[in-house]
Amino acid sequence: MTASGKAVFAKLSSPYYPALTALFVGVMLISNIAATKAVVLFDWLQFDLGPLHVNGLVTDGAFFLFPLSYVIGDVISEVYGFRAMRRTIMSGFVVIVLASLCFWIAIELPAASFYEGQAGFESVLGTVPRIVLAGLAGYVVGETLNSYVLVKMKERAGESHLWARLIGSTVVGEFFDTLVFCSIAATAIGISTWSDFINYLVIGFVWKTLVEVLVMPITYAVVRHLKRAEPTYRSGLAGVSQVTPKVP
């Protein structure tokens, strides 16, 4: 257990932390592949808002999965701290870079004469390096800021106001993540106009933040369970308060 001001965190010698890290890395890896597909939702939704022309909601194929990475990141940051989340981010970085390298090698290997899927294979995984670069840059910036803001808020408030740090850290992290990712990935998935880019950026940010708010009861439940299941967290709370604390 480590403590900073009012903040208490569990030790990493736990079966829960590796499982959360594995799930986080898996979500990031799948999202980087699924994001190679450009998606338009509600194509009947058309209107002009100043210089912005909305012709459906422009997003990518990972829009429904990627927000889960921020939920997991919030749980890790809240229970295990900023240092633990940095380790998780680095684990994801290494795995995604390795995946990108393997995809590149697989594309360059000579195809068998009977293999008819080379063009499709290249069209999907051939764009992954750009998406990987966007994903890595975005999530390193976004997840780091998300974790940093959450932990700093926890150091000030202790165990109270979990909802405020979940929302506050998400707004900061998701904004910069989305800005960096969309700036790099937009052309890789076929976005070529400023209108579509702004649409992509705004929809991505609003959607990811909204998902975080909608699943907050689940985040609360997971955080509560881990805080009660981790002996070092419970002992840390007892050491800070000298009474049996209430876990938010």
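The coordinates are above.
The structure presented is a predicted model; accordingly, all values stated were derived computationally and were not measured. Along each chain, residues carry numbers from 1 onward, in the same order as the chain's sequence is written. Totals for whole chains, interfaces and linings use all residues, but because this is a predicted model, local features are given only for residues with pLDDT of at least 70 and pairs of side-chain atoms are given and counted only at 80 or more. Hydrogens and waters are ignored; side-chain quantities use all the structure's heavy atoms.

**A word on the overall build of the protein chain**
(1) Moving on: Strands here mean DSSP runs of E at least two residues long; helices mean DSSP runs of H or I at least four residues long; both are numbered from the N terminus. Looking only at helices and strands, the protein chain has 9 helices and 4 strands in total.
(2) Moving on: Its helices and strands in sequence order give the protein chain the pattern β-β-α-β-β-α-α-α-α-α-α-α-α, from N to C terminus.
(3) Moving on: By the burial criterion, 45% of the 248 residues in the protein chain qualify as buried.
(4) Moving on: In this description, contact between two residues means that some pair of their heavy atoms is separated by no more than 4.5 Å. Contacts in the protein chain between residues far apart in sequence, at least 24 positions, make up 75% of those at least 6 positions apart.
(5) Moving on: Note on areas: these come from Shrake-Rupley sampling with a 1.4 Å probe, and a residue is covered only by the protein chains present in the view. In the structure as shown, the protein chain presents an accessible area of about 12,300 Å², 71% of it carried by carbon and sulfur atoms. Think of it in three bands: residues with accessible area under 20% of the maximum for their type are buried, residues over 50% are exposed, and the middle band is partly exposed, with areas taken using a 1.4 Å probe on protein chains only.

**With respect to unusual backbone geometry**
(1) Moving on: Here His161, not a glycine, exhibits a phi torsion of approximately 60 degrees, which is positive.
(2) Moving on: Mapping His161 onto the fold places it in the loop between α5 (128-157) and α6 (162-185).

**Thoughts on a nonpolar patch on the surface**
(1) Moving on: On the surface, Leu98, Leu101, Trp104, Ile105 and Leu109 cluster together to form a nonpolar patch covering roughly 500 Å² of accessible area.
(2) Moving on: With respect to the helices, strands and loops of the structure, Leu101 is situated in helix α3 (residues 82-108). Each patch is built from salt-bridge-free residues with over 30% relative accessible area, joining like charges within 9 Å and nonpolar side chains (Val, Leu, Ile, Met, Phe, Trp, Tyr) within 5 Å. By definition here, a salt bridge exists when the distance from a side-chain nitrogen of Lys or Arg to a carboxyl oxygen of Asp or Glu is within 4 Å.

**Here's the deal with the nonpolar core**
(1) Moving on: Within the largest apolar cluster, 32 residues are counted, with the highest numbers of intra-cluster contacts made by Leu20, Phe24, Ile76, Val79, Tyr80 and Tyr139.
(2) Moving on: Secondary-structure elements contributing two or more residues to this core are α1 (16-34), α2 (67-80), α3, α5, α6, α8 (216-229) and α9 (231-241).
(3) Moving on: Beyond its immediate sequence surroundings of up to four residues, Ile76 is in contact with Tyr17, Leu20, Thr21, Gly81, Ala84, Met85 and Thr88. Only buried Ala, Val, Leu, Ile, Met, Phe, Trp, Tyr and Cys residues count toward a nonpolar core, and they belong to the same one when joined by side-chain atoms within 4.5 Å.

**Some points on the packing of aromatic side chains**
(1) Moving on: Between 30 and 60 degrees the pair is tilted, below 30 it is stacked and above 60 it is edge-to-face, where a pair is any two Phe, Tyr or Trp rings, Trp via its six-membered ring, whose centres lie within 6.5 Å. Applying the stated rule across the entire model yields 6 aromatic pairs.
(2) Moving on: Residues Tyr17 and Tyr80 carry aromatic rings whose centres are separated by 5.5 Å and whose planes lie at 55 degrees to one another, so their mutual orientation is tilted. Here Tyr17 is found in helix α1, whereas its partner Tyr80 is found in helix α2, with 63 residues between them in sequence. Of the two residues, Tyr17 and Tyr80, neither departs from the other in class, the shared state being buried.
(3) Moving on: Ring centres of Phe175 and Phe176 lie 5.2 Å apart, and the angle between their planes is 85 degrees; this geometry places the pair in the edge-to-face category.
(4) Moving on: A relative accessible area of 38% means that Phe175 is categorised as partly exposed.

**A few points about the pattern of salt bridges**
Opposite charge on two side chains makes pairing possible when the charged atoms of those side chains draw close.
(1) Moving on: Counted according to the given criterion, the structure contains 6 salt bridges.
(2) Moving on: The salt bridge partner of Lys154 is Glu159, with a shortest N-O separation of 3.9 Å. As far as the burial class goes, Lys154 and Glu159 line up, both buried.
(3) Moving on: Residues participating in the shared-partner salt-bridge network are Glu78, Lys154, Glu159, Arg165 and Lys227.

**Details of the environment of Pro15**
(1) Moving on: Along the chain, Pro15 falls in the loop between β2 (7-9) and α1.
(2) Moving on: Exposure remark for Pro15: the relative accessible area of 65% places this residue in the exposed category.
(3) Moving on: For the pair Pro15 and Glu230, spaced 215 residues apart in sequence, the C-alpha separation works out to 9.6 Å.

**Here we look at the environment of Arg87**
(1) Moving on: Structurally, Arg87 can be placed in helix α3.
(2) Moving on: A relative accessible area of 48% places Arg87 in the partly exposed class.
(3) Moving on: Taking the C-alpha atoms as reference points, Arg87 and Thr21, separated by 66 residues in sequence, lie 8.7 Å from one another.
(4) Moving on: Those residues in contact with Arg87, other than ones at most four positions away along the chain, are Leu12 and Tyr17.

**Description of the side chain of Ser14**
(1) Moving on: You can see Ser14 is positioned in the loop between β2 and α1.
(2) Moving on: The term polar contact refers here to a pair of N or O atoms within 3.5 Å; inside protein, the definition further demands a hydrogen-donor-capable atom paired with an acceptor-capable atom, and it admits residues adjacent in sequence only when both atoms are side-chain atoms. Reaching out from Ser14, the side chain makes a polar contact with the side chain of Glu230 at a distance of 2.4 Å.
(3) Moving on: Those residues in contact with Ser14 that sit more than four places away from it in its chain are Tyr80 and Glu230.

Shape descriptors only; they carry no functional weight alone.
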